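# Examining the three-dimensional arrangement
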Amino acid sequence: MIDVRDITKIYRLGSVEVPALRGVSFNIARGEVVAIMGQSGSGKSTLMNIIGCLDLPTSGEYYLDGQNVAALEEDQLAEVRNRKIGFVFQQFNLLPRLSVQRNAELPLAYDGNLSQREITRRSSEILRAVGLGERMHHRPTELSGGQQQRVAIARALINQPDLILADEPTGNLDSHTGAEIMNLLLGLNRDQGLTLVIVTHDPHIAAQTQRIIRLKDGLIEGDEAAPQTTTQAVSV
Amino acid sequence: MKLYRLLIEALESLNANKLRSILTVLGIVIGVAAVIAMLGIGRGAQASITSRIESMGTNLVYVTPGATSQGGVQSAAGSAGTLTLDDADALAELPNVSAVASVTNSFVQVVYSSNNTRTRLMGVTPGYQEVGSLTLEDGEFISEAAQNARSLVVVLGNQVAQDLFGSTAGVVGQKVRLNGQPYKVIGVLAAKGGTGFMNQDDQVFIPLSTALYRLVGGARFRGSSVISQITIKASDAKTVDQVVQEATRLMRERHETVEGADDFTITTQQDTLDAATQVSDTLTVFLGGIAGISLLVGGIGIMNIMLTTVTERTHEIGLRKAVGAKRQDILLQFLVESMVLSLLGGLIGVALGWGASQMMGQVQILGSSAITPVVGVDSILLATFFSMAVGLFFGIYPATRAARLQPVEALRYE
C-alpha cells in the first residue's frame, strides 16, 4: 500500500539547508495499523505530510497503491488525497461556518461525480455510524471535543479511502474521550480493513497499534511490532 | 465544486461577516447608483433638448447674415446688415419652399395698466405661424391684411399674457403699449414650454412691416429693408438638402459672393439638433465617467476585503486543499464570492439609481422646467454587467493568491 524508498526532505531557510528527513525507507501493507513515533523535530510531521500527499519529498520515491506520487502535479496530488486518503487532525480542523453534515461532506464537494441527494445520503449514513445522527445540523462549535473529532473521522471516511492518516488524533482530548476515538479508529481497521497510520508521541496510543516506526533526527531509529500485551480490544 | 454549491458557500461566508459585506456592497451600490442616475439625467436632458428643438418646427432652414469684414477685421457673425426683404421674396420663389422673414434682434418693454415686462420682439410675416409651429390659444395670428396695412396689432406669447393680465382669458381685444405705442392684442399663443433664452412663451409678435417702419425703424441695403433672419420651410425632410443647395446658389448669385466669402450663413434644424446632441452626449459621457470612478473605488473596496478574507481563511483553504480541493476550486470559491458581492451591489445600485433619478426629475433646477430622466434597459444592463466585471477584475488577484497557497503551509497557519 505504502512504499517509501529513501526519501529526503530538505527545507531551505534563507541560505541554510535544514534536513528534516535524511533517507527514510519502509513499507506498509494494506490493512496494517502503524504508529509513527518520535519527538518534535524528529521529522514525523514532515513524513506524515509526504505520506498524506500534502507535500513532496526533495528526493526519493513514494509509491501509493503502486503509483509514484512523488512525480505528480499539485492538482493530481489533490485528486489522490481526495480519493485515497482520509485525514484526522489533532485540531479537528472543522469549518465553523458549516453544519456538521456539510463539514462531513466536504471531500465529496470536490469529487464532482455525485448528486447532492447521494452526498446527503452518504453523509447521513456515516454520521449515524459514528454516533452523531442527532447532531447533523448543529454547528461544530456546539459539539464537545470528542464529538468534533468524530465529525472529522466521518469526513475522513466519506470518500471511502484506503488509508486513514491520523495526526495526534487524541492530543486535544481527555483520556476517556481519547480512548473512545482510538476504539473508533481501530474498529474501522478491524471491520473494514482500512490501513491506519497514526502519528503520536503517546506510548499508550502507539501500544494499541500493530507496528511502531520510530523516527529520530530524520532517520528511522526503530521499526518493530507493538507489544501485544497492551492492545485493548474494546468495541465502539 | 458545483456552481450552486459555490453560490451557497459564498452567501454563507458573506452572511458570517454581515457588517463587512454590507459596507463592501455599499461601495458598489453608490457607484452603480451614480452611473444609473447620471446617465438617466444626461439622457433626459438630451431628450428634452431634442423635443424642444423639434417643437420649433421640422424641415426648417435658417438664413442669417454673416460677419462684416472691413480691411480684414472680422466682426461678429450676424452683424452684417446684408439680408433683406427682397432676399426673402426671392427665396420664396424656389421650388419646395415657403419662406418667411423676421426681425428678431430687439427687445421691447410691454406695458398693460400698471404691469410691464421686458420681452423679445419678433417682427414676422404671416407664414411664420406655420414655420414656427405656433398654436393659438385665443384669437388669430398676424394676417396678410395686417402686414400690408402695417397695423398696430400684437400676438402675445403665453408667458407674456400671464405676466401682464394674470390669465389668458379675455386678453384678446385689450390694448398694450410697446415702447409707448398702443397695440391691440389680436391673439394669445398656447403654452409651448421651454427654458431660459429658449423660452418660446416669452416673446411677442407684430407684423414685420410694422416693426420695420413703425417700431424698430430699419436700415436699408440695396434699396430694401434689412431683416435679421429668413426661415425657410422645406416641403419635407427629404428636400431639405436640396433646398439648402438651391438657397445657397441663389443667395450667392444675389449677393455676388463666392464660397468662403459669403456674407450669409445657412443652417438647418438638423445642424442645430446635431450640435445640441453633441453637447449633451459630451455631458452624458462626462457625468457617466465621474460616476464610473466611484464604481472603480467600490471595486478597490472589494479587492481589499477579499484580500483580508483570503488571509483570514488561510487555514480553511489548507483544509479544503487537504481534502481534495484543486487550485481551480479555490479560485472559483473566492471569485464567486467577490462577484456575488459586486452583483448584489449592482442590483441594489440599479434600483437606488433609478429611484434617485426619478426624484431628481421632480426637482426644478434654477426655475426651469424639470428634466424627465430616461433610465433605459441598456444602461441598467450596462451597469449590472459592469459591476460584475468589477467583481471579476478585482476578485482575480485575491482568488489567485488563495489558489496558490500550499496545503502544508496553509494548514500550519493559525
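All values reported here derive from a predicted model rather than from experimental measurement. (Residues numbered from 1 in each chain as written. Chains lettered and ligands numbered in written order. Predicted model: local features only at pLDDT ≥ 70, side-chain atom pairs only at ≥ 80, totals over all residues. Heavy atoms only, no water.)

Attention now moves to the overall build of chain A. Tallying secondary structure elements over chain A gives 7 helices and 10 strands in all. A compact globule built from 236 residues would reach a C-alpha radius of gyration of about 18 Å, and chain A, at 18 Å, matches this within 12%. With the principal axes as the frame, chain A shows a C-alpha extent of 50 × 45 × 35 Å. Among the 236 residues that make up chain A, the fraction classed as buried is 56%. Counting contacts in chain A only where the partners sit at least 6 residues apart, residues at least 24 apart contribute 68% of the total. For chain A, the accessible surface area stands at approximately 10300 Å², while carbon and sulfur atoms represent 47% of it. On chain A, the mean spot of the 23 positive side-chain charges and the mean spot of the 28 negative ones are 4 Å from each other. (Helix = DSSP H or I, 4+ residues; strand = E, 2+ residues; numbered from the N terminus. Rg over C-alpha atoms; globule rule 2.2 N^0.38 Å. Buried < 20%, exposed > 50% of the residue type's maximum accessible area, 1.4 Å probe, protein only. Contact = heavy atoms within 4.5 Å. Areas by Shrake-Rupley, 256 points an atom, 1.4 Å probe, with all protein chains shown as cover. Lys, Arg positive; Asp, Glu negative; His and termini not counted. Charge placed at Lys NZ, Arg CZ, Asp CG, Glu CD.)

Each aromatic ring pair is described using two quantities: the centre-to-centre distance and the angle formed by the ring planes. All names here are of chain B. Applying the stated criterion across every chain, the model contains 5 aromatic pairs over all chains. Members of the aromatic cluster, each reached through a chain of ring pairs, are Tyr 128, Phe 141 and Phe 205. Cation over ring: Arg 150 sits above Tyr 213, and NZ or CZ is 4.1 Å from the ring centre. (Phe/Tyr/Trp six-rings, centres within 6.5 Å; stacked < 30°, edge-to-face > 60°. Lys NZ or Arg CZ within 6 Å of the ring centre and 35° of its normal.)

Moving on: the domain arrangement of chain B. Split by domain assignment, chain B resolves into domain 1 (3-53 + 274-412) and domain 2 (81-262). The C-alpha centroid of domain 2 of chain B is placed 54 Å from the C-alpha centroid of domain 1 of chain B. (Domains from an automatic or database assignment.)

On to the environment of Val 197 of chain A. By the element assignment, Val 197 of chain A lies in strand E8 (residues 195-199). Sequence spacing of Val 197 of chain A and Thr 177 of chain A is 20 residues, and the spatial spacing of their C-alpha atoms is 19 Å.

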